[in-house]
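Breakdown of the fold
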Amino acid sequence: MDDKDDLADVSPPPPQADVTLPNGQHLRAAVTRRRRDRSGVWWYDLEIELPDRVDDRRHGPALTSRKVTFCAPHPVVQRIEGEDYSSLDLPPPEERKRWRLSLPPPEDSWADAYLHRPDCAQAASEGGMVTDQEALKTLAGPDITVPCPVCRPDHVLQHKR
């Protein structure tokens, strides 16, 4: 495998944030997600890697590490100047891909595609994700796209028209 291929598969590291511990100490942690609660306070899902010990019956204790995940609100978690937090933001609702298009089951010879909710067990994993508007266009388009009879995406989409 080429070094260039290895670099292409590596995603950028998550942004870091400054966390104030209950005893006043500060540490940096990787921010994996952020969201607002109903009162408008930002909550951050964070991850740190700590040294740890693993016991091996043959070789005795050895140094390893383990990741610890935790959640804390602002102002316990503070942004660090220069870190890019845009990767944590969801796209606007109209751009979110909420529906899965998949090939029809082998026993259905007349449909071109099936539309599913993303968590539907009937959906094939190789299908593409589409937005609300794309799903509505697909159902109304010239190709025969069938709403899944199990997860019934058409029930949700009928309110989006």
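Residues numbered from 1 in each chain as written. Predicted model: local features only at pLDDT ≥ 70, side-chain atom pairs only at ≥ 80, totals over all residues. Heavy atoms only, no water.

With respect to topology, five strands assemble into an open sheet ordered β4-β3-β2-β1-β5, the strand pairing being antiparallel. Both outer strands of the open sheet, β4 (60-73) and β5 (77-79), are each paired with one neighbouring strand and no more. Across the sheet, the mean angle separating the axes of adjacent strands is 40° when strand polarity is ignored. As defined by bridge partners, strand β1 (residues 16-20) adjoins β5 across three bridges and the pair is classed as antiparallel. Bridged to D18 within β5 is Q78. (Pairing = 2+ DSSP bridges. Helix = DSSP H or I, 4+ residues; strand = E, 2+ residues; numbered from the N terminus. Axes fitted to C-alpha atoms, helices over the stretch in contact; angles between N-to-C directions.)

As a further point, take the sheet that holds strand β7 (residues 113-116). An order of β8-β6-β7-β9 is seen for the four strands of this open sheet, with the pairing classed as mixed. Taken across any chain shown, the strands that pair with only one partner, and hence form the sheet edges, are β8 (128-130) and β9 (145-147). Taken pair by pair, the neighbouring strands of this sheet meet at an average axis angle of 30°, ignoring direction. Here three bridges tie strand β6 (residues 99-102) to β8, and the two strands are oriented antiparallel to one another. Each bridged residue has a counterpart across the sheet, and for W99 the counterpart in β8 is V130.

This part is about the nonpolar core. Core analysis: the biggest nonpolar cluster contains twelve residues, these being A17, V19, A29, V31, Y44, L46, I48, A72, V77, I80, Y85 and L88. Listing elements by their share of this core, those giving two or more residues are β1, β2 (26-36) and β3 (42-56). For this core, the element with the highest residue contribution is β3, accounting for three residues. Ignoring any residue separated from it by four or fewer positions in sequence, one finds I48 in contact with L27, R28, A29, R66, K67, V68 and F70. (Core = buried A, V, L, I, M, F, W, Y, C linked by side-chain atoms within 4.5 Å. Buried < 20%, exposed > 50% of the residue type's maximum accessible area, 1.4 Å probe, protein only. Contact = heavy atoms within 4.5 Å.)

By volume, the largest pocket is sized at about 160 Å³. Together, R33, R34, R35, R36, W42, L88, D89 and L90 line the largest pocket. Of the residues that constitute the lining of the largest pocket, the class distribution is three nonpolar, no polar and five charged. (1 Å grid on protein atoms, 1.4 Å probe; cavity = no way out; pocket = protein on both sides within 12 Å on 5 of 7 lines; lining within 4 Å. Points joined across faces, edges and corners; volume = space filled by probe spheres on them. Nonpolar A, V, L, I, M, F, W, Y, C, P; charged D, E, K, R; others polar.)

Before going further, it helps to spend a moment on the environment of S86. Tracing the backbone through its elements, the reader meets S86 in the loop between β5 and β6. Separated by 58 residues in the primary sequence, S86 and R28 have C-alpha atoms spaced 18 Å apart. At 2.8 Å, the side chain of S86 and the side chain of D84 are in polar contact. (Polar contact = N/O pair within 3.5 Å; in protein donor to acceptor, adjacent residues only side chain to side chain.)

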